[in-house]
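Structural description and commentary
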Amino acid sequence: MELQIKVAQAVQVLNHDAQSCNRVAANQWLVQFQQTGCAWEVATSILTTDHLHRHIPSLVSNSEVEFFAAQILKRKIHSEGHYLQSGPKHALLNALLLAAKRFSAGPPQLLTQICLALAALILSSVDDKKPIEQLFYSLQTLQNDDDGNVAVLEMLTVLPEEVADTRSTDSSISLFQRSQYGQELLSRTPMVLEFLLEQTLKKYNGIVQLHERDRKILRCLLSWVRAGCFSDISQDSLPTHPLLNFVFNSLQVSSSFDLAIEVLIELASRHEGLQQILLYRIHFLKDVLLLSAINNGDEKVISGLACLMSEIGQAAPSLIVEASVEALALADGLLRCVGYPSEDWEIADSTLQFWSSLASYILGLDASGAVDKKHVEAIFSSIFLTLVDALLLRAQVDEATFNDRSGVLELPDGLVHFRMNLVELMVDMCQLVRPPRFVQKLLFGAWPPANVPIPWKEVETKLFALNVVSEVVLLEGQMFDISSIMQLVTMLSTWSVDDLSGFMGVVRRSLTDVVGSYSKWISASPANSRPLLLFLAAGISENHCSTACMSALRRFCEESSPVIYEPANLEILLWVGEALEKRHLPLDDEEEVISAISSILGSVPNEELKYNLLARLLSSSYDALRKLINEDGEHSYRQNPATYTQLLNGAARGLHRIGIVFAQLAMSKPNGPATDDPSIRLLRVFWPMLEKIFRSEYMENSNLSAAACRALSLAIQSSGQQFLVLLPSVLDCLSTNFLAFQNHECYIRTASIVIEEFSHMEEYGHLFIRTFERFTQAASVMGLNSSYICDQEPDLVEAYANFASMFVRSCPKQVLAASGSLLEISFQKAAICCTAMHRGSALAAISYLSCFLEVTLDVMLESINSVLEGSYCCIAIQLIARRGEGLVSNIVYALLGVSAMSRVHGLPVEYLKPGQDDTLVPVWLDALAGAAADYLDSKSSKGVKNNYGHMQGKGGRVLKRIIREFADSHRCALTQI
């Protein structure tokens, strides 16, 4: 009794004490108590006797202590129940049955916990061959009075849920056992349904008791429906089954409506054949329940019926397309649900999956099948067109949301979610009713007179829908009258910024989306270009629609017609680019705009005009660079940190913009002589400034370094062979700056691009070797002596390994032969880095090693009969002979995932299995020889070299299997050492 009192007092403190320290102490004591052996007896005693009530009458809530005791037993059964011996287990079973009967009148949560503990105890009885049969036998002792029946009802409710709960903490019950228990459970279905039916027929004096009983019956039935209790009942008897009638009758009772809906939804989704039965009841659902609920504004009933009817139709679309009276009544009922003017969008949203599945089903019908597809489309097209009107009404924005003119144009979360779910359905409906007919629903027609207000909510929603279906409409190819769109563009272009605030900002954004989506058709008319450009240019400066305008401008430029090259239109584009200087947009957003503008300017036919336009576009970027390299003001800038930071950021942004222009120019070919190529002319202006920046101390700034390297890389790719004259200076700048700022791996990445573009020119080989040497001899690269360091410098490892790969893959063999010592160092570093835990570092290193070995093999096959001293083939063979053993060792380590520290001390002798040290080497050598033979055959098959079949032959497959099995079996062994 002393322990019971302590438990009660601790629960009291935990739930009600004002001091947090006391609550923490009580919780710690209770946690420790639950882990003791005496917790079984104490918890059982609390649930089965009244001693606690007599000894502590002043306790605030005895039910809290009893609830805690039930939880203790449930948790201990889950964790320790399978260890209980037969005697204590049967005693505990009887105690729980007694507790269930004792608390059958409540509290309900306590009875549920007791039943959960009872179910867990039965299921943990692995020694009993039929635990479910044992439980049902035990439940018979509780059915002598009404209180016992309440406990039985609760037990039958939780039992199927516990059997099916694969997430249970009781790991002693396997999935196979749960499956067996489920089958044994379903064998009791007739007995359970009969018991439930008996409960429905019992009479109660109080209406409250009656409603509470009905809810308990429905909860129990729902649990068994989810378990599949109706699966073995004949389809003929289902329509008149008394329990099904009970469920339908419960729909007319407010207190049991929600549970009855859940039962019917589960029946519709789980039992094939029941959909037809439920569809026969649609007139009751619609005419008796739904219409009354709509008239009374009962959203709970409307929402429940919408979910139920949607589930019926979604589970059996084949019944709906038959267009029977019941099917059409269901569709009409759901249309009424969609159109109900609820404050939120949940009711309409709950029907979308049904409409979408129905439209998809109709679209998927075979035109030559048993169902007349054209007839079905003709019937349901009118229904879907009506649905379009209802959905557009529900998708409207409440203008009052934006009346405060705060500039915040975020739609309500519920509306955003609803519109996202509408997208798929809108597309399906557009395909079903055909795009021309669908779009006709969305066009605005003639605008009202000036003295008549425009229904902007309707306009905005139609714009949203028109944008959603744009892909389908454009694919159809039947162009609609876009004059109404252009009228809107013209109208809003004349409005002031204040007029376009609030909700009108949403209208403007939706219109911009439509302009971007249909830019191909809109730009086809020369008269549309200028007003559209002005409209988009003005919108880019507004925060709430700048993203939409930038995207639309990009698409408009991509789809532009020759009229875009008119001087007035080019001036607008330049104005947009110049205005960005004041906006300080994120670089990604600015890139989208500058890419769009430069794609147009870069494709101007006249080369002189093209250069002048591009030079104007970049004039502000050049100015930013000139400010930075102004030596007279350098010290004054550094003395003012804010100004200095602003200067660096401005230069980095200017370099970013210059890089964008060069990237666009790389996509177009010059029409005239190379000397007239705008890329070359721009480069002549750009490189002197960039070289000064490269040779300045400003390059210590990582953002500026990255921007400069990016711009240089894109300029190289754009200028092509014309860049050769600058090659010595460029490579010198890159290697010198890396030596000065070795945490900026962008210099190595840019050098890789130089190698890729020009490495085939042997006369520049000494420059490439010199650059490779300076990178390799850098302290940061030479310091890559362990996988731990490689993990600390993943960007450096990737950049260096990729540079080495490009060098080996691209440079002439004479250049490679002259780089023997550098190749050996890089090979050694890559062999170390391939064991790194960082995935990017390891993959880059392995990629380089693979590249080196493949190039070497190709050279060996070419000169296998004449390997000259000092040739690349000779140098590579010597390198592999010296470093090959270390490479194989590190590759094995990489496969095993051995940590850096364990490698320092080596693997213990017991790591290998008995006798494996004698058999491992011959087996691996044979597998390697077989894989090598396969590879050589694939490289020289019929005298024609090819890359197919690498590691795909028998030898290759054997080698991969041996390596995989070795790695898998020894990883686990290593972690245990």
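What you see is a predicted model, and the numbers here were worked out from it, not measured in a lab.

1. A word on the overall build of the protein
A tally of regular secondary structure across the protein gives 50 helices and zero strands. Sorting the 977 residues of the protein into buried and exposed places 50% on the buried side. Here the analysis covers contacts within the protein between residues at least 6 apart in sequence; of these, 74% occur between residues at least 24 apart.

2. Re unusual backbone geometry
Positive phi, close to 55 degrees, is recorded for Ala-323, a residue that is not glycine. Note on placement: Ala-323 falls in the loop between helix 18 (317-320) and helix 19 (325-339). Even without being glycine, Arg-434 reaches a positive phi, approximately 80 degrees. Position of Arg-434 among the secondary structure elements: in the loop between helix 22 (413-433) and helix 23 (435-442). Using a relative accessible area of 40% as the deciding quantity, one classes Arg-434 as partly exposed.

3. Description of helix 14 (residues 257-270)
Under the 1.5 Å per step criterion, the end-to-end length of helix 14 is 20 Å for 14 residues, consistent within 8% with the ideal 20 Å. Of all 14 residues that make up helix 14, 10 are buried, and the element is covered over most of its length. Residues Phe-257, Leu-259, Ala-260, Ile-261, Val-263, Leu-264, Ile-265, Glu-266, Leu-267 and Ala-268 constitute the buried set of helix 14.

4. Things to note about the nonpolar core
Core analysis: the largest hydrophobic core is formed by 311 residues, its most contacted members being Trp-355, Phe-384 and Phe-694. Filtering out sequence-adjacent residues up to four positions away, Phe-694 remains in contact with Trp-687, Met-699, Ala-708, Cys-709, Leu-712, Cys-733, Leu-734, Asn-737 and Tyr-747. In this structure, Ala-927, Ala-931, Ile-962 and Phe-966 belong to the second largest nonpolar core, which totals six residues.

5. Thoughts on the environment of Leu-330
Secondary-structure assignment places Leu-330 in helix 19. Residues contacting Leu-330, with those up to four places away along its chain left out, are Leu-279, Ile-282, Met-309, Ile-312, Gly-313, Ile-320 and Phe-354.

6. Some remarks on a positive patch on the surface
Together, Lys-954, Arg-957, Lys-960 and Arg-964 make up a region of like positive charge exposed at the surface. For Lys-954, the location among the structural elements is in helix 50 (residues 954-975). Given a relative accessible area of 65%, Lys-954 falls into the exposed group.

7. Brief notes about a negative patch on the surface
A cluster of acidic residues, Asp-298, Glu-299, Glu-343, Asp-344 and Glu-346, forms a negative patch at the surface. Of the residues examined, Asp-344 reaches a relative accessible area of 30% and is grouped as partly exposed.

8. Thoughts on a nonpolar patch on the surface
Among the surface-exposed residues, Val-921, Leu-925 and Leu-928 lie close enough to one another that they form a single nonpolar patch of about 280 Å² accessible area. In this fold, Leu-925 is placed in helix 49 (residues 916-939).

9. Some words on the packing of helix 35 (residues 641-665) against helix 36 (residues 678-694)
If you want to describe how two helices pack, look at the angle between their axes and the distance between the axes. The contact between helix 35 and helix 36 brings their axes to 12 Å, and the two run at 155 degrees. By the criterion of interaxial angle, the relationship of helix 35 to helix 36 is roughly antiparallel. Seen along the crossing, helix 35 lies across helix 36 with a hand that is left-handed. Across the interface between the two elements, Leu-655, Ile-658, Val-661, Phe-662 and Leu-665 of helix 35 pack against Ser-679, Leu-682, Leu-683, Phe-686 and Leu-690 of helix 36. Residue classes in the contact of helix 35 with helix 36 are distributed as nine nonpolar, one polar and no charged.

10. Here we look at the pattern of salt bridges
A side chain of one charge can pair with a side chain of the opposite charge if their charged atoms are brought near each other. Taken as a whole, this structure holds 28 salt bridges when the rule is applied. In this structure, the salt-bridge partner of Glu-691 is Arg-695, at a minimum N-O distance of 3.4 Å. For Glu-691, a relative accessible area of 21% gives the class partly exposed. Within this structure, Arg-226, Glu-262, Glu-266 and Arg-270 form a network of salt bridges that share partners.

11. Observations concerning the environment of Val-371
Examined against the element boundaries, Val-371 turns out to sit in the loop between helix 20 (346-363) and helix 21 (373-394). Each C-alpha atom, one on Val-371 and one on Val-321, is 8.7 Å from the other, the two residues being 50 residues apart in sequence. If we ignore the near neighbours within four places in the chain, the residues touching Val-371 are Leu-365, Asp-366 and Val-376.

12. Remarks on the packing of aromatic side chains
Aromatic rings considered in pairs are described by the distance between their centres and by the relative angle of their planes. Tallied over the entire structure, the rule returns 22 aromatic pairs. With a centroid separation of 6.2 Å and 40 degrees between ring planes, the pair formed by Tyr-518 and Trp-521 is classed as tilted. An identical accessibility class is assigned to Tyr-518 and Trp-521; each is buried. Relative to Phe-758, the ring of Phe-723 lies with its centre 6.4 Å away and its plane at 15 degrees, an arrangement referred to as stacked. Of this pair, Phe-723 sits in the loop between helix 37 (702-719) and helix 38 (727-740) while Phe-758 sits in helix 39 (residues 746-758), placing them 35 residues apart in sequence. Across this residue pair, the class does not change: Phe-723 and Phe-758 are buried. What links up through ring pairs into an aromatic cluster is the set Phe-738, Phe-772, Phe-775, Tyr-800, Phe-803 and Phe-807. Against the face of Phe-248 rests Arg-281, its NZ or CZ located 4.2 Å from the ring centre.

13. Some details on the state of the cysteines
All chains considered together, the criterion is met by zero disulfides. The structure places no disulfide on Cys-549, whose sulfur is separated from the nearest cysteine sulfur, that of Cys-545, by 4.1 Å.

14. Concerning the side chain of Ser-356
Its place among the elements puts Ser-356 in helix 20. Sequence-distant contacts of Ser-356, that is, excluding residues within four places in its chain, are made with Glu-424, Leu-425 and Asp-428.

15. With respect to helix 37
A rise of 1.5 Å per residue sets the reference length of helix 37, with its 18 residues, at 26 Å; its end C-alpha atoms lie 26 Å apart and thus fit the reference within 8%. Most of helix 37 sits inside the fold, with 13 of its 18 residues counted as buried. Capping the start of helix 37, Asn-701 holds a side-chain oxygen 3.1 Å from the backbone nitrogen of Asn-703, two or three residues further along. Following helix 37 by one or two positions, Gly-720 adopts a phi angle in the positive range, close to 65 degrees.

16. Examining the confidence of the model for the protein
When pLDDT is averaged across the protein, the result is 84; 87% of the residues are at 70 or more. Confidence drops under a pLDDT of 50 for residues 899-905, and excluding neighbours within four residues, the segment shows six contacts in the predicted structure. Within the model, the stretch residues 972-977 combines pLDDT values under 50 with five contacts to residues more than four positions away or in other chains.

17. A few points about the environment of Gln-134
Within the secondary structure, Gln-134 is located in helix 8 (residues 131-139). In this structure the C-alpha to C-alpha distance between Gln-134 and Ile-122, which are 12 residues apart in sequence, comes to 7.9 Å.

18. Side note on the packing of helix 22 against helix 24 (residues 456-468)
Running from amino to carboxyl end, helix 22 crosses helix 24 at an angle of 60 degrees, the nearest separation of the two axes being 9 Å. One element, helix 22, and the other, helix 24, form an angle in the oblique class. Judged by the sense of rotation from one axis to the other, the crossing of helix 22 with helix 24 is right-handed. Only Glu-460, Thr-461, Phe-464, Ala-465 and Val-468 of helix 24 make contact with helix 22, whose side of the interface consists of Arg-419, Leu-422, Val-423, Met-426 and Val-427. Tallied by class, the residues present in the contact of helix 22 with helix 24 amount to seven nonpolar, one polar and two charged.

The rules we used
Residues numbered from 1 in each chain as written. Predicted model: local features only at pLDDT ≥ 70, side-chain atom pairs only at ≥ 80, totals over all residues. Heavy atoms only, no water. Helix = DSSP H or I, 4+ residues; strand = E, 2+ residues; numbered from the N terminus. Buried < 20%, exposed > 50% of the residue type's maximum accessible area, 1.4 Å probe, protein only. Contact = heavy atoms within 4.5 Å. Expected span 1.5 Å × (residues − 1). Core = buried A, V, L, I, M, F, W, Y, C linked by side-chain atoms within 4.5 Å. Patch = residues over 30% accessible without salt bridge, like charges linked within 9 Å, V, L, I, M, F, W, Y side chains within 5 Å. Areas by Shrake-Rupley, 256 points an atom, 1.4 Å probe, with all protein chains shown as cover. Salt bridge = Lys/Arg side-chain N within 4 Å of Asp/Glu carboxyl O. Lys, Arg positive; Asp, Glu negative; His and termini not counted. Charge placed at Lys NZ, Arg CZ, Asp CG, Glu CD. Axes fitted to C-alpha atoms, helices over the stretch in contact; angles between N-to-C directions. Parallel < 35°, antiparallel > 145°, perpendicular 65-115°, else oblique. Left-handed = near helix turned anticlockwise from the far one by under 90°. Nonpolar A, V, L, I, M, F, W, Y, C, P; charged D, E, K, R; others polar. Phe/Tyr/Trp six-rings, centres within 6.5 Å; stacked < 30°, edge-to-face > 60°. Lys NZ or Arg CZ within 6 Å of the ring centre and 35° of its normal. Disulfide = S-S within 2.5 Å. Polar contact = N/O pair within 3.5 Å; in protein donor to acceptor, adjacent residues only side chain to side chain. pLDDT = per-residue confidence, 0-100.

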